[in-house]
Amino acid sequence: MKGMNRTVVVLGGTALIAFTAVGGAALRDWVDLGRRAEAEMPNFSGVGLVASTDANGASYTAGDYFYQLMRLLKREYVEPIPDDQKLASGAIRSMIGSLNDPKAMFLDKKQFASFQNARAGKYEGIGVEVVMVMRGAANKQAAKASDSEGALPEGTAEEALVSRVRVPRLMVSNVIPGSPAAKAGVKIGDVAYEIDSHWVVNTDLLIKFQKAQDDFKAKKITYSQLNLVRKEVRERTERALLPMRAMERLVTGTSGKVKVVWERGTEKRTTDLTKSVTAMSPMTVLPNGDLRLAFQKGADAWIAKELQGKTKVRIDLRNNTHGDFESLKAVLEKVAPKGTYGQFVTARGSEPTNLVVAKGNPAAPKYELLVDSSTRGVAEMFALALQSKGKATLVGSLTGGDRTLVDIVPLPDGSGYVLPIGEYQVNVTSTKVVMADKTEEVR
Amino acid sequence: MKTGIKYVAFAVAALSAGSLGFAWRDLQSGSGVDSRAVNSLLGVKNAKAASPEQVFQQAYNQIRFKYSRQVKPDDLRFAGMQGLLSSLGDPHTLYFPPRAAQLFSEETTGNFFGVGARLSDDAMGVRAAAVFEDGPAYAAGLRINDVIIAVDGKKVGGMPTDAVVLLIKGKEGTFVTLTVAKKGKQQPVTMKIKRARIVAPTVESKFFEDSKVGYIAVSQFAEPTTMQFDRELDKVDRKSPKGLVIDMRSNPGGLLDVAADMLSRFVADKVVVKMVGRNGFNETVRSASNEVRPFGYPVVVLMDENSASAAEIFAGVLRDYNKATLVGTHSYGKSSVQNVFPLVDKSSAKVTIAKYYLPSGDDIGRKVDQDGIYIDGGLKPSVAVELDLDKDPEFGNPKSDNQLQKAIETVLKQARN
């Protein structure tokens, strides 16, 4: 009787334990699958991503997809993976790259650090800022302003070629006064052609090569002529720098030499430069009483203080290329009366967003704004906004033509990215810039 | 007291069983317990910095919903996954979005049927650049340098070669009619040819009478390659050569066992390659013990950046056992084994799971930067020579192929010593 009892207990216990194991597995199912709405776990089954119970595979988030693929790698990849955040940065880098937009940039740790330094007024490298400029259709709008590299005529064979291979060129958008580049005579609009004997990849050579190939097929040129082009391509690409790497050589580092060949129109100029740090205090009262304004945290309080008791204020917006949008809005609240100052549009089909000054400064002084082609981005928007309401006169030369609003996003591993989120538009019938001796009308 | 212990033991057993059940999914897949699932169960919010998947998801959302242009969610995700895999800096760990995954599997299981000829451009149509001796076109009378001027009665003059190839290829067992112009014949010939599965020859040989050097080009390592290699070696040997050039240029590799078999002609019972993977996975491939041929002459292996995988093992093993001199440029640097993992949405991930090491212990793995540009890797040649493209080189023709010239020169120099 006792033995019988024992057997029952043992059997019962074993059954219970087995039941608990099944229960544990069920609990896991519940965690992984049942609570999906809350945890948004994908319906991946046992062997990671290998099997699926979800036919269309559309009901989980990109993050979950990433997570599962990351786990697959950690389990199967030949070497251990030391840094998970690097995987995320790699994925983001590639997403940004897939946009094929010269204004969307992924910056690695080193590049992002110097980018942030530049925003704080410490310019590394040779003391320039550069932008990526695409030839052809994407650049047509910008071509009207000073970014112009000459938009290609529509529908030409060349344009068709460009759309097949799109590599932007690296153009100087700002030269910091007193920097090695300024001393060597580098100018806004110069295009980096060769850096330390490395050719900076751009579309031109590829177009030339494809054209030569087409011409050869059409028997317009001989084999040896084609070979000359081929040889040029080969020699150049053997020592080539992609635009982001080229940019890094110009704007990072605080010591060492760099030799740059610049293209200015059809002319080529060679400069030997020594890298250093060029400081340019972002927010300051200049010796002549002009204000230099940087669109960053604290700018609104600073400008409010400087405006006190003044009826006419001159603000120097030259060499002003980076700024954040929040700061622009805050500054406008202090310097402009309330109203709507233009709008932001996107190509998403969403409604434009107005740039609104809610309370504003009813006792705002008159402004004279010093601008030139190094007035870009938020600074340019600021100038156009004030001018559109007759609050400011622009003095100098044409602004840079960059009215793209961007988000600057830092990532945990020190890298970061820049994402265009809208274009600024303002209702003015003409953009007037008072030149030293004349008024130029532009539209 | 005893009963107490029993209860405790029971509780422990039950708890372990429960945990085992919970973690079974992870253990089955060979990894540790998924902390994310545990945290989710216990309601623990990750207090530390954002996890990689959160960072990724945030950026994904930012681009999808805030970027000034519309993006297709799938394209964005595919780009992300490609970047995730390429961030490892391994050119062979790749992500294939659903469509590409399908093409990839078609390509590797490839069922292409044709007539057994390689075609090139010609003003009148397409020219037969090579006709495989075992193929149906050869049997029907097609010979090298014949010009195909019509396919199934349709004139092909002026058509791109690729398009003509598509006309000629078709289902196995069906027929295609070619109208062929032969040199020295007034009238074109018509041939009706039955399409068949084509096995292209992987080994071709030549003998250069002026230098008395044999030449064997191996285009890949497939099932029949060893047999073809032996046959071509016999052909060359009958000419009593002063030396032999084995051309591995543009050979992308293939079956490792075949490379090992071919190496057995040079070295007996020696390590060919070691494969090492995660978690102690270890495998050594050796050459066979009694298949060595007596090579009474020096051997040079010609390689270039398109020599990869099994081709590099072949060249590297001969180098390591002093059986051949390497001439050309550095090879590709493929020293790893991949596995393709199908993913839920019919996309797939090709992941490197193990590495090869040559007998000398060398890892020849290709290193690239994040833009995919070559930094280092591959076998280094003892005699470096770049192909001179300006001579319009034809591989295997010593008159225009300067790398081959160098190889012949090298092998003759060794023959004199």
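Calculation rules
- Residues numbered from 1 in each chain as written.
- Chains lettered and ligands numbered in written order.
- Predicted model: local features only at pLDDT ≥ 70, side-chain atom pairs only at ≥ 80, totals over all residues.
- Helix = DSSP H or I, 4+ residues; strand = E, 2+ residues; numbered from the N terminus.
- Buried ≥ 20, exposed ≤ 12 C-beta atoms within 10 Å, placed from the backbone.
- Contact = placed C-beta atoms within 7 Å.
- pLDDT = per-residue confidence, 0-100.
- Expected span 1.5 Å × (residues − 1).
- Axes fitted to C-alpha atoms, helices over the stretch in contact; angles between N-to-C directions.
- Parallel < 35°, antiparallel > 145°, perpendicular 65-115°, else oblique.
- Left-handed = near helix turned anticlockwise from the far one by under 90°.
- Nonpolar A, V, L, I, M, F, W, Y, C, P; charged D, E, K, R; others polar.
- Pairing = 2+ DSSP bridges.
- Core = buried A, V, L, I, M, F, W, Y, C linked by C-beta atoms within 7 Å.
- Right-handed = clockwise from strand over helix to strand, strands pointing away.

**Q** How should I be thinking about the overall build of chain A in this particular structure?
**A** Scanning chain A for helices and strands turns up 14 helices and 21 strands. Burial status across chain A gives 39% buried among its 443 residues. For chain A, the share of sequence-separated contacts (at least 6 apart) that also reach a separation of at least 24 residues comes to 67%.

**Q** Could you clarify how one ought to interpret the overall build of chain B in this entry?
**A** Scanning chain B from terminus to terminus reveals eleven helices and 21 strands. Within chain B, buried positions represent 37% of all 417 residues. In chain B, the share of contacts with a sequence separation of at least 24, taken over all contacts with a separation of at least 6, comes to 62%.

**Q** Mind showing me how you'd approach the confidence of the model for chain A here?
**A** Residue and element names in this part refer to chain A. On average, residues of chain A score 80 in pLDDT, and 76% of them are at 70 or above. Across residues 33-58 the pLDDT falls below 50, and counting only partners more than four positions away or on other chains, this stretch makes 50 contacts in the model. Segment residues 436-443: pLDDT under 50, and eleven contacts once partners within four positions in sequence are set aside and those in other chains are kept.

**Q** Sorry if this is basic, but what is going on with helix H4 (residues 73-86) of chain B here?
**A** The periodicity of an α-helix, 3.6 residues per turn, causes residues three or four places apart in sequence to face the same way. With 14 residues, H4 of chain B should cover 20 Å at 1.5 Å per step; its first-to-last C-alpha distance of 20 Å lies within 8% of that length. Counting buried positions along H4 of chain B gives eleven out of 14 residues, so the element sits mostly inside the fold. Among all positions in H4 of chain B, only Leu76, Arg77, Phe78, Ala79, Gly80, Met81, Gln82, Gly83, Leu84, Leu85 and Ser86 of chain B are buried. Tucked into the core, H4 of chain B has its buried residues touching helix H3 (62-76) and helix H4 (84-98) of chain A together with helix H3 (52-66), strand S1 (94-96) and strand S18 (348-357) of chain B.

**Q** I'm lost on the packing of helix H9 (residues 256-263) of chain B against helix H10 (residues 310-320) of chain B in this one. Help?
**A** A pair of packed helices is captured by two measures, namely the crossing angle of their axes and the spacing between those axes. Residue and element names in this part refer to chain B. Relative orientation of the contacting elements H9 and H10 amounts to 25°, with a least axis distance of 9 Å. For the element pair H9 / H10, the angle class is roughly parallel. The two elements H9 and H10 cross, and the hand of that crossing is right-handed. Of the residues in H10, those touching H9 at Leu256, Ala259, Met262 and Leu263 are Ala310, Ile313, Phe314 and Val317. Counted by class, the contact of H9 with H10 contains eight nonpolar, no polar and no charged residues.

**Q** What exactly am I supposed to notice about the sheet that holds strand S12 (residues 243-247) of chain B here?
**A** Strand-to-strand pairing in sheets goes through backbone hydrogen bonds, with the strands running parallel or antiparallel. Residue and element names in this part refer to chain B. The six strands are arranged S10-S11-S12-S15-S16-S21 in an open sheet whose pairing can be described as mixed. Whereas interior strands pair on both sides, the edge strands pair on one side only; in this sheet they are strand S10 (203-208) and strand S21 (383-384). Two strands pair when backbone bridges link them, and strand S11 (residues 213-218) and S12 are joined in this way by five bridges, in the parallel orientation. Within S12, the position partnered with Ile216 by the bridge is Ile246. Lying on the sheet, helix H8 (residues 225-237) is in contact with S10, S11 and S12; it crosses S10 at an angle near 10°.

**Q** It is not clear to me how unusual backbone geometry should be interpreted in this structure. Could you clarify?
**A** Glycine aside, a negative phi is what most residues show, and trans is what most peptide bonds show. Within the chain, Lys219 of chain A stands out as a residue other than glycine whose phi angle is a positive 60°. Owing to 8 C-beta atoms within 10 Å, Lys219 of chain A belongs among the exposed residues under this scheme. Look at Ser250 of chain B: it is not a glycine, yet its phi comes out positive at around 60°. On the neighbour-count criterion, Ser250 of chain B (16 C-beta atoms within 10 Å) is partly exposed.

**Q** Help me understand the environment of Arg143 of chain B in this model?
**A** Residues and elements named next belong to chain B. The residue Arg143 is located in the loop between helix H6 (136-139) and strand S5 (147-151) in this model. Spatially, the C-alpha atoms of Arg143 and Val131 are 6.1 Å apart, while their sequence positions differ by twelve residues. Setting aside anything within four residues of it in sequence, one finds Arg143 in contact with Ala128 and Val131.

**Q** What's the story with the confidence of the model for chain B in this structure? I'm lost.
**A** The predicted structure's coordinates, where accompanied by low pLDDT, should not be read in detail. Residues and elements named next belong to chain B. Averaged over all residues, the pLDDT of chain B is 85; the fraction at 70 or higher stands at 87%. In this model residues 107-111 is a low-confidence stretch, pLDDT under 50, and it forms zero contacts with partners more than four residues away in sequence or in other chains. Two numbers describe this predicted complex: its pTM, 0.70, and its ipTM, 0.76.

**Q** I'm lost on the nonpolar core in this one. Help?
**A** Taken as a class, soluble globular proteins show a tendency for nonpolar side chains to be buried jointly. Counting 109 residues, the largest nonpolar core has Ile92, Val128, Val130, Ala192, Leu369 and Ala383 of chain A as its most contacted members. With 45 residues, the next largest nonpolar core counts Met262, Leu263, Val267 and Val300 of chain B among its residues.

**Q** Would you take a moment to explain the packing of H8 of chain B against H9 of chain B for this structure?
**A** Residue and element names in this part refer to chain B. Packing of H8 against H9 leaves a shortest axis separation of 9 Å and a crossing angle of 25°. Relative to H9, the element H8 is oriented roughly parallel. Judged by the sense of rotation from one axis to the other, the crossing of H8 with H9 is right-handed. Where H8 abuts H9, its residues Thr225, Thr226 and Phe229 lie against Val258, Asp261 and Met262. In terms of residue class, the contact of H8 with H9 is made up of three nonpolar, two polar and one charged.

**Q** What is the right way to read the environment of Pro412 of chain A from this model?
**A** Mapped onto the elements of the fold, Pro412 of chain A is located in the loop between strand S18 (404-410) and strand S19 (416-425). The spatial distance from the C-alpha of Pro412 of chain A to the C-alpha of Ser89 of chain A is 8.8 Å, given a sequence separation of 323 residues.

**Q** Hey, could you run me through the pairing of strand S17 (residues 392-396) of chain A in this one?
**A** Put simply, side chains in a regular strand alternate between the two faces of the sheet. Residue and element names in this part refer to chain A. Burial along S17 is one-sided: the residues Ala392, Leu394 and Gly396 are buried and none of Thr393 and Val395 is. Pairing geometry for strand S16 (residues 366-371) and S17, over five bridges, is parallel. The residue bridging Leu370 from the neighbouring strand is Val395, located in S17. With helix H14 (residues 378-388) bridging S16 and its parallel neighbour S17, the resulting β-α-β unit is right-handed.

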